Amino acid sequence: MKDFNRKNKTNTLPEIENKLRLTKREQEFLDDLLIFNQRLEEIYFSPNRLEESIAIIDNLIDDKLSTLDSFQAYKLLNHLYKNNINDAYPGTVIRILNNIECDLVKERVSLLLIPIALYDNNYFNYITDVSTTGFLNYSQNNMLAPFCENPSILNYYYMLDNTEKFIGLINDDEIISKNIKEDTINKLLFIYKDLDIELEKINRTSKATKLISNRYDASSIMTLGFNFDFIKDELITCQFLSEAETLLEIEDSKITDHSTLIMGRHYLNNLLDDISNKGFKQLFKEYKELENSISLKDHSESLSYIYDSINKKMDTLPKEKKKKL
């Protein structure tokens, strides 16, 4: 994985800690957010779900969030992930699709706070100064590494686009266990409120989700004049390696249902669909380094699914590009 720490850290650790320490009022605010979202989770996943109750709680949450400025949102995010110093888990989506323990309420709150924090173009100055906090790990694992700094909100848009297209892909696949598919999609829609609202209005097909997942491209062209492939390439490479490494932890002898592997392949396909040819060359090089660093014994199934995605991408490359890989 790449190290995204930046130079010129001007603040000392005590100054940073003091700057990020929550006031009593901010701590109460965060506690309220977690309580409201916990109640929302209970209703959202209830067999007899009441949409009216969800709307009422969501409006209360929105009212509270409207009072936050960007730096306050950033402080709350750091507090949420203050104990995440050790990079023990992959990103949120990867944890959900691989059924790794994930606090959905905490993840939903973070995804409500992130766009508020990102609207401040000082966001990546903040993240540089607080590289000793656990939120840096969260950022790197969730497509928020500091590549696109202005406007920084583009990072959030790419998170949404990528997840939305992935939902469409697994929704269309009838081989995936229905229960596993529904559980995965529902968890993703719960934590990504923006996607839940948007996908409520359309059929969740791969064709439809791919068509509407253009936040990053549209905003990049509108604000910057063109699209930066290298930004996507860096984000995609990090996610691909993380998911591939997670899949390679699945032992052949313990597989009873291939649904997780199939969803993993869709996730990798989705990433590679967006990467440039130059970016893919670097990704493939880094993937081979990963593969050579771990034991592949009893992991042939996972390996075959990973190479399904790699070979699918290779088939789209010009012949001269394939020869150089």
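Look up: the structure comes first, before these words.
How each quantity is defined
Residues numbered from 1 in each chain as written. Predicted model: local features only at pLDDT ≥ 70, side-chain atom pairs only at ≥ 80, totals over all residues. Heavy atoms only, no water. Axes fitted to C-alpha atoms, helices over the stretch in contact; angles between N-to-C directions. Helix = DSSP H or I, 4+ residues; strand = E, 2+ residues; numbered from the N terminus. Parallel < 35°, antiparallel > 145°, perpendicular 65-115°, else oblique. Contact = heavy atoms within 4.5 Å. Nonpolar A, V, L, I, M, F, W, Y, C, P; charged D, E, K, R; others polar. 1 Å grid on protein atoms, 1.4 Å probe; cavity = no way out; pocket = protein on both sides within 12 Å on 5 of 7 lines; lining within 4 Å. Points joined across faces, edges and corners; volume = space filled by probe spheres on them. Core = buried A, V, L, I, M, F, W, Y, C linked by side-chain atoms within 4.5 Å. Buried < 20%, exposed > 50% of the residue type's maximum accessible area, 1.4 Å probe, protein only. Phe/Tyr/Trp six-rings, centres within 6.5 Å; stacked < 30°, edge-to-face > 60°. Lys NZ or Arg CZ within 6 Å of the ring centre and 35° of its normal. Polar contact = N/O pair within 3.5 Å; in protein donor to acceptor, adjacent residues only side chain to side chain. Expected span 1.5 Å × (residues − 1). Arc of directions from axis to C-beta.

Looking at the packing of helix α9 (residues 154-172) against helix α13 (residues 215-224)
At step 1: At a minimum axis distance of 8 Å, the contact between α9 and α13 shows a crossing angle of 155 degrees. The pairing of α9 with α13 is recorded here as roughly antiparallel in orientation. Facing Leu154, Tyr157, Tyr158, Leu160, Asp161 and Glu164 of α9, the residues of α13 in contact are Arg215, Tyr216, Ser219, Ser220 and Leu224.
At step 2: Across the contact of α9 with α13, the residue classes tally to six nonpolar, two polar and three charged.

Regarding the environment of Ala208
At step 1: Checked against the element boundaries, Ala208 lands in helix α12 (residues 206-212).
At step 2: Linking Ala208 and Lys165, residues 43 residues apart in sequence, is a C-alpha distance of 8.6 Å.
At step 3: Dropping the residues within four chain positions of it, Ala208 is found in contact with Ile202 and Asn203.

Considering empty space enclosed by the protein
To find the voids left in a structure, one rolls a probe of water-molecule size over its atoms.
At step 1: Counted under the stated rule, the structure contains three cavities of 30 Å³ or more.
At step 2: Space inside the largest cavity adds up to approximately 80 Å³.
At step 3: Together, 13 residues line the largest cavity, and Val93, Met143, Tyr192, Gln239 and Tyr267 are the ones closest to its centre.
At step 4: Counting residues per element, the ones that place at least two in the lining of the largest cavity are α5 (92-97) and α9.

Things to note about the nonpolar core
At step 1: In this structure, Leu113, Tyr156, Phe240, Tyr287, Ile306 and Ile310 are the most contacted members of the largest nonpolar core, which totals 87 residues.
At step 2: Non-local contacts of Leu113, meaning those with residues more than four positions away in its chain, are made with Leu33, Leu65, Leu68, Ala73, Leu76, Leu77 and Leu80.

Side note on the packing of aromatic side chains
At step 1: Throughout the structure, instances matching the rule amount to 13 aromatic pairs.
At step 2: Measuring from ring centre to ring centre gives 6.2 Å for Phe280 and Phe284, while their planes differ by 35 degrees; the resulting arrangement is tilted. Placement of the pair is Phe280 and Phe284 together in helix α16 (residues 277-292), with a separation of four residues, close to one helical turn. For the pair shown, Phe280 and Phe284 are each scored as buried.
At step 3: An aromatic cluster is present here, built from Phe71, Tyr74, Tyr81, Phe135 and Tyr138 joined pairwise through their rings.
At step 4: If you follow Arg49 out to its NZ or CZ, it ends over the ring of Tyr44, 4.1 Å from the centre.
At step 5: Over the face of the ring belonging to Phe190 we find Arg108, whose NZ or CZ atom lies 5.3 Å from the ring centre.

Quick notes on the side chain of Lys75
At step 1: Secondary-structure assignment places Lys75 in helix α4 (residues 70-80).
At step 2: Here Arg21 takes part through its backbone oxygen, which lies 3.2 Å from a polar atom of the side chain of Lys75.
At step 3: Among all residues touching Lys75, those that are not within four sequence positions of it are Lys19, Leu20, Arg21, Leu22 and Glu26.

Re helix α2 (residues 24-44)
At step 1: Between its terminal C-alpha atoms α2 stretches 30 Å, which fits the 30 Å expected from 21 residues at 1.5 Å a residue.
At step 2: Those residues of α2 that sit buried are Glu26, Phe29, Leu30, Leu33, Asn37, Leu40, Ile43 and Tyr44. One side of α2 carries all its buried residues, which in axial view fall inside an arc of 145 degrees. Exposed residues pointing more than 90 degrees away from the buried face of α2 are listed as Lys24 and Ile35.
At step 3: Next to the buried residues of α2 lie α3 (51-65), α4, α6 (104-118), α10 (178-191) and α11 (193-199).

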